[in-house]
Each structure stands twice: as C-alpha cells, then as structure tokens.
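Understanding the architecture of this molecule
One-letter residues, chain by chain:
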Amino acid sequence: LAGLLTLAAYTDPWLVAAVVVVVQLLVALAPIPIGHDEHINAPRFATVVGAGLIATALSMWPDVLEGADGSSAKVFGHADNGMLAAIMPAIVVGVFLALATQMLRTDGRGNLVATTSYAVALSVFAALTVGWIGAVKSFGDAEVVAVGAAGVAAGMLVWLLPIDRWVCGSGAMVAGAAAGVAVVLNVDTVMTWVLGVALGSTAALFAVLGQLLGRYWSEGHTHPAAAWGLPGAASIALAAPIVYIAGQLIGAPGL
C-alpha cells in the first residue's frame, strides 16, 4: 500500500485518491467485533464507505466547502488543502449513517453502544486516510508522500521481526528515520534531512500503532483471513495525518 501511494503520487493525485479509496474499503471490510456469543450484528460497511467517500470527494474538491464570499468557511477551505475541511463532515456523515443503520436492524439491536461505536471508529479511520491526498496537493508534493511511505514501509519490515515487541517498536522508528533520510537525499526536493528524520520515524511509529489497533480489534477470529486487511489499512490511516502535517511544515525555519 505504501508503494502504491508513492507511485500514484508521482503520477497523478487522482491515482492517490484511488489508492485511498482502496484503503477505505479495507477498513470497511474489518471483521465484526467478537463478543460473548461471537454473533454480534455490527453493520458498518455502508457507514465506513459513505464517510470515506465524502472525505475523499471533499479532499479533491475543497472548493465545495468555500461558502459565500467573506465567510470563514471559504478561508478555511483554502488554508488546509481540503484535508482538515474534509474530515469533520465525513465524521458527521459517519455518525448519522451509523445511527441510521442501527435503526434498520431487526434483531433487537443487541450491543447497541458497542456496535455503533465500532462503526463510528472505523469511519474516523477511513476519513483520516485522505491525509495522503492533502500531502500530495501540498507544497511537499509527491516527495513528502515518498518520505512518509518509506518510513511506514521500513517500520513495518522491522516490526515483522520475531523478537521483543519493545525492541521492534524502537527499531521500527530508527528504520523509518533512516528510510526518510535516504529518500530526502536521493530525490529532488526542498525537504531537509531533519524533516526526513522526523517524518520517517513518526510515520513508522503511527504505522506500528495502526498494526497494534488493527490486530487487537481482530482478536478472537480463528481464521486469519477474517482480519488480513485491517491492520495494514489502519497503519496507512494513522500515518496519513503525519504526512499531511509534514507537507505543511516544509519551508518552516529549521525544517
């Protein structure tokens, strides 16, 4: 996924949006939460897909949120390249869709709070993925996506090692920093090695957190195929805001 995002960033922002939609679908296909009876009805697909598509659309067309001339929404929409402006409406849509799908349940609506919270939480993850779109549309362009994706990929390679988790987590951050610097030094970019270290290590850290969250939510499923996509998608989603912020920091003193 990190490699696809990088290739897409160097090709066209629309391809980045396409990869982001794929990640959102992986989030939407997350397995149902395991309860005491292992048969919890947790409708979530439509909620997550709806929130994700709204976030993606608003990221590609932030002018939709401009509002009337002189309104604060217009200034806000231009200031953040669509990423921040897109997330809040997407989360609101996710909440309303989650409540609507719960109302349509005909099974007695057991575990109502848990299943609603699960759908809303997945919607937030789907919305966060548009940070990659905001990053490629920022001053950092494709290069900041490449650095962030390299940090994620390098961190995940170290995280896969069958050794102590604390050692793997620390090593993942070091590997992410090294990968970030390597990309900065080998591509034509205005980014400095300091920002490469910061972005690479932080992206790796949040990718590890995504793995932990995804695997924790998937616990209890006897077949590994039931949860193969969520950890990877969660890693990409959590790293997205970090890459976006890095794209906004390019040119700041010392970075």
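What you see is a predicted model; the values in this text were computed from it and never measured.

Turning our eyes to something else, we now look at the overall build of the protein. On a plain count of helices and strands, the protein comes out with eleven helices and zero strands. Walking the protein from its N terminus toward its C terminus, one meets helices and strands in the order α-α-α-α-α-α-α-α-α-α-α. Relative to its full complement of 255 residues, the protein shows a buried share of 49%. Partitioning the intrachain contacts of the protein with sequence separation of at least 6 by distance along the chain shows that 72% fall at a separation of at least 24.

All right, on to the confidence of the model for the protein then. Across the protein, the average pLDDT comes to 84, with 84% of residues at 70 or higher. Counting contacts from residues 74–82, a segment whose pLDDT is below 50, to residues more than four positions away or on other chains yields 23 contacts.

Two elements in contact, helix H2 (residues 13–28) and helix H11 (residues 230–249), have axes separated by 8 Å at closest approach and are oriented at 130°. Relative to H11, the element H2 is oriented oblique. With respect to the hand of their crossing, H2 and H11 are arranged in left-handed fashion. For the pair H2 and H11, the contacting residues are Val 23, Leu 26 and Val 27 in the first and Leu 230, Ala 233 and Ile 236 in the second.

What follows deals with the side chain of Thr 116. Within the fold, Thr 116 resides in helix H6 (residues 112–128). From its side chain, Thr 116 meets the backbone oxygen of Leu 112 in a polar contact 2.8 Å long. Among residues more than four places away in sequence, those in contact with Thr 116 are Ala 98, Leu 99 and Gln 102.

Turning our attention to the packing of aromatic side chains. Any pair of aromatic rings gets described here by the distance separating the centres and the angle formed by the planes. Within this structure, the stated rule accounts for one aromatic pair. Taking the ring centre of Trp 159 as reference, the NZ or CZ of Arg 165 above it sits at 4.4 Å.

What follows is about the nonpolar core. Judged by nonpolar contacts, the single largest core of 66 residues is most densely connected at Leu 5, Val 16, Trp 132, Val 144, Val 145, Met 191 and Leu 199. With twelve residues, the top contributor of residues to this core is helix H8 (residues 141–159). Not counting chain neighbours up to four residues away, the residues in contact with Leu 5 comprise Val 16, Val 19, Val 20, Trp 132, Val 145 and Ile 236.

Attention now goes to helix H3 (residues 45–60). With 16 residues, H3 ought to run about 22 Å at 1.5 Å a step, and its terminal C-alpha atoms sit 22 Å apart, in line with that. Residues Thr 47, Val 48, Val 49, Gly 50, Ala 51, Gly 52, Ala 55, Thr 56, Leu 58, Ser 59 and Met 60 constitute the buried set of H3.

Among the secondary structure elements, Trp 132 is positioned in helix H7 (residues 131–136). You can call Trp 132 buried: its relative accessible area is 0%. Contact partners of Trp 132, with chain neighbours within four places excluded, come to Leu 5, Val 16, Val 20, Val 145, Gly 148, Ala 149, Ile 236, Ala 239, Ala 240 and Val 243.

This brings us to the side chain of Ser 235. On the secondary structure map, Ser 235 appears in helix H11. We classify Ser 235 as buried; its relative accessible area is 2%. A polar contact is formed between the side chain of Ser 235 and the side chain of Gln 211, at a distance of 3.3 Å.

What follows concerns unusual backbone geometry. Although it is not a glycine, Asp 141 sits at a positive phi angle of roughly 55°. Assignment of secondary structure puts Asp 141 in helix H8.

Turning next to the environment of Gln 248. Within the secondary structure, Gln 248 sits in helix H11. By relative accessible area, which is 36% here, Gln 248 ends up partly exposed. With 113 residues separating them in the primary sequence, Gln 248 and Ala 135 have C-alpha atoms 7.8 Å apart.

All right, on to the environment of Ala 86 then. Within the secondary structure layout, Ala 86 lies in helix H5 (residues 83–103). Measuring from C-alpha to C-alpha, the distance between Ala 86 and Trp 61 comes to 9.4 Å, with 25 residues separating the pair along the chain. Excluding anything up to four places from it in sequence, Ala 86 contacts Ala 55, Leu 58 and Ser 59.

Reading the values: the criteria
- Residues numbered from 1 in each chain as written.
- Predicted model: local features only at pLDDT ≥ 70, side-chain atom pairs only at ≥ 80, totals over all residues.
- Heavy atoms only, no water.
- Helix = DSSP H or I, 4+ residues; strand = E, 2+ residues; numbered from the N terminus.
- Buried < 20%, exposed > 50% of the residue type's maximum accessible area, 1.4 Å probe, protein only.
- Contact = heavy atoms within 4.5 Å.
- pLDDT = per-residue confidence, 0-100.
- Axes fitted to C-alpha atoms, helices over the stretch in contact; angles between N-to-C directions.
- Parallel < 35°, antiparallel > 145°, perpendicular 65-115°, else oblique.
- Left-handed = near helix turned anticlockwise from the far one by under 90°.
- Polar contact = N/O pair within 3.5 Å; in protein donor to acceptor, adjacent residues only side chain to side chain.
- Phe/Tyr/Trp six-rings, centres within 6.5 Å; stacked < 30°, edge-to-face > 60°.
- Lys NZ or Arg CZ within 6 Å of the ring centre and 35° of its normal.
- Core = buried A, V, L, I, M, F, W, Y, C linked by side-chain atoms within 4.5 Å.
- Expected span 1.5 Å × (residues − 1).

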